[in-house]
Amino acid sequence: MGVLVWAGAWFWMTSSANKPQKDRLLYIKDNEIYFLDFDGQDGKKEKPKLIAEKLIDKNSSDFYGRNILKSFAERHIYFTADGKTLFYPDKNEYQNNELGVTIFFKKLKEDKAEAKKLDSEITKYFVLDDSNKSKIFYLKGKDGNFYQNDFNDNRVKIAADVKDFWINSSGNNILYINKDGDIYLVDAKGNKDKIDSGS
């Protein structure tokens with residue numbers, strides 16, 4: 001649920017990140033993302049926190065306008081289920097998503113927590129949001145490199161020339177299709193099995 005509200009140079013973000021749980025809100029102002037938590041500890045009123053300092057290059061932002069900026073940000077933002085970690089785009093040059101985006105993630109409740117860079121040129125990402133085995137899967141760049149990562153930057157390359165992928169809810173089965181139309185299934189041990197062919 002979310003309602004777009006324009007007010008001068010800033011606006012709410014209508015995103016899954018803005019579901020009315022945990023009394024939190026994201027908004028964009030002057031090419032930056034701010035986080036506002038209405039459920040502050042001990043009843044204290046919290047000030048908005050600056051999350052992303054430059055969503056996209058200023059020249060790109062001026063050229064494409066606020067609608068593109070809003071759409072660009074909303075497509076790539078994700079809150080973990082516990083509301084503690086936010087994934088978001090930052091320091092990007094918008095080029096119709098041809099080269100993908102740079103994604104960061106940050107623990108929101110820790111004021112001194114440094115944002116961590118997941119990677120650049122990400123064309124799609126998925127967070128397996130499980131307290132026991134949180135993982136991040138993503139596609140990178142024109143070569144379609146497919147990676148699995150975690151919150152500590154332990155990255156493993158699964159495949160190359162990947163066009164799209166799907167992960168089941170438990171994360172123990174990975175399905176992907178390559179640029180030739182071949183479909184592969186990868187199990188929890190990393191065993192890869194070709195289950196269909198594009199030819």
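Quick note: structure is the one above.
Parameters and conventions
- Residues numbered from 1 in each chain as written.
- Predicted model: local features only at pLDDT ≥ 70, side-chain atom pairs only at ≥ 80, totals over all residues.
- Heavy atoms only, no water.
- Helix = DSSP H or I, 4+ residues; strand = E, 2+ residues; numbered from the N terminus.
- Buried < 20%, exposed > 50% of the residue type's maximum accessible area, 1.4 Å probe, protein only.
- Contact = heavy atoms within 4.5 Å.
- Pairing = 2+ DSSP bridges.
- Axes fitted to C-alpha atoms, helices over the stretch in contact; angles between N-to-C directions.

(A) Inspection of the overall build of the chain at higher detail. Scanning the chain for helices and strands turns up one helix and 16 strands. The buried share among the 199 residues of the chain stands at 41%. Within the chain, counting contacts between residues at least 6 apart in sequence, those at least 24 apart form 30% of the total.

(B) Molecular detail of unusual backbone geometry. In this structure, Asp153 is a non-glycine residue whose phi angle is positive, near 65 degrees. Locating Asp153 in the fold gives a position in the loop between strand S11 (145-149) and strand S12 (156-159). The exposed category is assigned to Asp153, whose relative accessible area is 54%. Positive phi values are uncommon outside glycine, yet Asp161 reaches one of about 60 degrees. With respect to the secondary-structure elements, Asp161 resides in the loop between S12 and strand S13 (162-167).

(C) Spatial organisation of the sheet that holds strand S16 (residues 192-196). Reading across the sheet, the four strands line up as S13-S14-S15-S16 and stay open at both edges, with antiparallel pairing between neighbours. Edge strands, defined here as strands with exactly one partner in the open sheet, are S13 and S16. Taken over all neighbouring pairs, the strand axes of this sheet differ in orientation by 25 degrees on average, direction set aside.

(D) Molecular detail of the pairing of strand S3 (residues 24-29). For S3, the buried fraction is high: five of the six residues fall into the buried class. Judged from the six bridges that link them, S3 and strand S4 (residues 32-37) form a sheet pairing that is antiparallel. Across the sheet, Tyr27 pairs through a bridge with Tyr34, a residue of S4. Connecting the antiparallel pair S3 and S4 is a turn made up of two residues, with Asp30 showing a positive phi of about 50 degrees.

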